[in-house]
Amino acid sequence: MSDATSGTEPLVRVRNLEKYYYENDTVIDSLLRRDPESVQAVDGVDLDVRRGETLGLVGESGCGKSTTGETVLRLREPTGGTVTFDGRDLSDLSGEELTAFRERAQIVFQDPFSSLDPRMTVGDIVTEGLRIHDLPADPPPDTSKAAARREQAAELLDRVGLSADQIDRYPHEFSGGQRQRVGIARALALDPEFVVLDEPVSALDVSVQAQILNLLDDLQAEYGLTYLFIAHDLSVVRHVCDRVAVMYLGEIVERGTTADIFESPTHPYTEALLESVPRAEVAEQGRRVDPLAGDVPSPRDPPSGCRFRTRCPEVIPPAGVETDQTDYRAILTLRDRLARGELGLDRFRSEEGDDAAFKRAVREEFGLTGLAGADADTLEDALEILANGRVEATVERLTDRFGSVCETDVPAAHDRGDGQTAACHLYRDDLDESEPAEPSVESALGGVDPDELASGEGS
């Protein structure tokens, strides 16, 4: 871990970074009048990476971490936003300027088994960047550039814990940890200032992980490196990072110092991630860890409002709703599954077609047996409508009563103090709880037109 301070000017500044992938956008698709569909892998990311620090970028698999790292390095062209490196906008770089940037910024890939060319010796792998950039510019007298590169590769292999005698071996002759050391040596060959570490230890055994992490720490101190450390293992992040940014479905939901994030997390997603980390303390044995509800939504069709709302244990109900969080979430799940046409109604019907039995079966399916007052009356009305096969009207009825601000508004990053921010409506101070929220059906369902719902389901 570095000694970077909060006042240091960032080496890398990312603002509103977007990376979308488009489907159905070929000429044939245009002729067939198919609308392009976007996969929002990275959507509006802001990051500052200060000189000499290690910034951790964490989140579940598939949330866009690796795409963010590769787009920051311009290994992928961004769809929108800006990335500045040492004050220069990378989108303005081309030709020799872009080549010069490639020398200053490198990457260590996740999988040491697929990131090394099996047809090349490790010496050739480490010196490949030097050959491409025609380095060294001034080799020692009576020494060819090829010989100087080989000598540098031998020194780097020795520095990362391998033997210079192994320079002519091939990747298959090395273990996973040794291959990752080769990848680190390759990244250091051009003497970079900034290195993206894309889950550099996730494919390694635990005992080897510690060796690689200690090596990266030593190299950072020795060469003055700045790291963007991408990981999903929070115990690793706590060990090596100065600050942490938590990512969910293409967006940053919380950021702060490592101490703040681990000791006082404020976003429900961060809390859930930390709660899932195994603990060795005796007092923690037998601890029950409640998994996050549901699966990560598809970036092809992310939820409206707060993207975490479909799995969040703290969705904000509108004023007047007194149902507890468990039943409230169950109601929203029922409504959303109806809207998406995922709930076959025939399985709830008895042979006699009894509406009371139908409503009872739906309640039992979603655990909705403890509601009272106006909440219970609304649910009863909605189930009566649903028993008559009117799915669209059921969705509207549930939305009118139970629609949440989490569905309609994108949360801003709220300052929690000392630079820690959380993009969550729980920290808004402008919500008037005296007035119920009135979201439209379309906004609550992520822009879905009610007329396009499966209104004939179960009829």
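Colleague: Please give an account of the overall build of the protein chain that cites residues and values.
Modeller: Each helix and strand in the protein chain was counted, giving 16 helices and 12 strands. Contacts in the protein chain between residues at least 24 apart in sequence constitute 69% of all its contacts with a sequence separation of at least 6. For the protein chain, the accessible surface area stands at approximately 22100 Å², while carbon and sulfur atoms represent 45% of it.

Colleague: Quick one: what's the story with the pairing of strand β3 (residues 54–58), residue by residue and with numbers?
Modeller: Counted residue by residue, β3 has 5 buried out of 5 residues, so it is predominantly covered. Residues T54, G56 and V58 line one face of β3 and the alternating positions L55 and L57 line the opposite face, and both faces are buried. Pairing of β3 with strand β8 (residues 226–231) involves 5 bridges; the strand directions are parallel. Across the sheet, residue L57 finds its bridge partner in β8, namely I230. Relative to strand β9 (residues 243–248), β3 runs parallel, the two sharing 4 bridges. Bridge pairing in β9 places G56 opposite V244.

Colleague: Give a description of the sheet that holds β8 that names residues and reports values.
Modeller: Adjacent strands of a sheet pair through backbone hydrogen bonds, lying either parallel or antiparallel. What the 8 strands build is an open sheet, ordered β6-β7-β8-β3-β9-β10-β12-β11; its pairing is mixed. On the outer flanks of this sheet lie β6 (105–108) and β11 (413–417), each paired with one strand and no other. Averaged over all adjacent pairs, the angle separating strand axes in this sheet is 20°, with direction ignored. Direction of pairing for β9 relative to strand β10 (residues 251–257): antiparallel, over a ladder of 6 bridges. Paired with V246 across the strands is E254, a residue of β10. Against the sheet, helix α7 (residues 206–223) touches β3, β7 (194–198) and β8, its axis set at about 160° to β8. Packing of helix α10 (residues 268–275) onto the sheet brings it into contact with β9 and β10, and relative to β9 it is tilted by some 105°.

Colleague: Can you explain the sheet that holds strand β2 (residues 37–50)? Please cite residues and give values.
Modeller: Strands sit in the order β2-β1-β4-β5 across an open sheet of 4 strands; the sheet is antiparallel. Only two strands of the sheet have a single partner each, and these edge strands are β2 and β5 (88–89). As defined by bridge partners, strand β1 (residues 10–23) adjoins β2 across 11 bridges and the pair is classed as antiparallel. Paired with Y20 across the strands is Q40, a residue of β2. Across the sheet, helix α2 (residues 65–72) is in contact with β1, β2 and β4 (80–85); its angle to β1 comes to roughly 115°.

Colleague: So what about unusual backbone geometry? Which residues, and what values?
Modeller: Most peptide bonds are trans, and most residues other than glycine sit at a negative phi. Each neighbour pair has its own omega, and for L135 with P136 the value is 0°, a cis peptide bond. Secondary-structure assignment places P136 in the loop between α4 (122–132) and α5 (145–159). Backbone geometry places R74, a non-glycine residue, at a positive phi of 60°. In the Ramachandran plot, D191 falls in the positive-phi region, its phi being about 55° despite a non-glycine side chain. Following the sequence through the fold, D191 ends up in the loop between α6 (176–188) and β7. D191 gets classed as exposed once you look at its relative accessible area, which sits at 55%.

Colleague: Outline the environment of S115, supporting the account with residue identities and numerical values.
Modeller: If you trace the backbone, S115 turns up in the loop between β6 and α4. Among all residues touching S115, those that are not within four sequence positions of it are F109 and R186. From its side chain, S115 meets the backbone oxygen of D111 in a polar contact 2.9 Å long.

Colleague: Got a sec to walk through the pattern of salt bridges? Specific residues and values, please.
Modeller: As enumerated under the stated definition, the model contains 31 salt bridges in all. Linking R309 and E407 is a salt bridge whose minimum nitrogen-to-oxygen distance equals 3.9 Å. Of this pair, R309 sits in the loop between α10 and α11 (325–339) while E407 sits in helix α15 (residues 405–408), and the two are 98 residues apart along the sequence. Both residues of the pair, R309 and E407, count as buried.

Colleague: I'd like to hear about the packing of aromatic side chains, residue by residue, with values.
Modeller: A full pass over the atoms with the stated rule returns 8 aromatic pairs. When the centroid spacing of 5.1 Å and the interplanar angle of 80° are considered together, the rings of Y248 and F308 count as edge-to-face. Placement of the pair is Y248 in strand β9 and F308 in the loop between α10 and α11, with a sequence separation of 60 residues. What makes Y248 buried here is its relative accessible area of 1%. Taking the relative accessible area as the measure of exposure, F308 reaches 1% and is therefore buried. Each member of the aromatic cluster is reached from another via a ring pair, and the members are F85, F101 and F194.

Colleague: Now, about α5: what can you tell me, with residues and values included?
Modeller: Helix length check: α5 (15 residues) gives 21 Å between terminal C-alpha atoms against 21 Å at 1.5 Å per residue, within 8%. All buried positions along α5 are accounted for by A148, R149, A153, A154, L156 and L157. Residues of α5 that are buried sit in contact with α4 and α6.

Colleague: Give a description of the nonpolar core that names residues and reports values.
Modeller: If you look at soluble globular proteins, the nonpolar side chains tend to sit buried side by side. Of all hydrophobic cores here, the largest spans 86 residues; its most connected members are I184, F229 and L334. Looking at this core element by element, the count peaks at 7 residues for α11. If we skip the residues at most four places from it in the chain, L334 touches L343, V362, F366, L368, L379, L383 and L398. Counting residues in each nonpolar core, the second largest holds 29 residues, with L17, C63, A105 and L228 among its members.

The rules behind each value
- Residues numbered from 1 in each chain as written.
- Predicted model: local features only at pLDDT ≥ 70, side-chain atom pairs only at ≥ 80, totals over all residues.
- Heavy atoms only, no water.
- Helix = DSSP H or I, 4+ residues; strand = E, 2+ residues; numbered from the N terminus.
- Contact = heavy atoms within 4.5 Å.
- Areas by Shrake-Rupley, 256 points an atom, 1.4 Å probe, with all protein chains shown as cover.
- Buried < 20%, exposed > 50% of the residue type's maximum accessible area, 1.4 Å probe, protein only.
- Pairing = 2+ DSSP bridges.
- Axes fitted to C-alpha atoms, helices over the stretch in contact; angles between N-to-C directions.
- Polar contact = N/O pair within 3.5 Å; in protein donor to acceptor, adjacent residues only side chain to side chain.
- Salt bridge = Lys/Arg side-chain N within 4 Å of Asp/Glu carboxyl O.
- Phe/Tyr/Trp six-rings, centres within 6.5 Å; stacked < 30°, edge-to-face > 60°.
- Expected span 1.5 Å × (residues − 1).
- Core = buried A, V, L, I, M, F, W, Y, C linked by side-chain atoms within 4.5 Å.

Remember that the coordinates give geometry; whether it matters functionally is a separate question.
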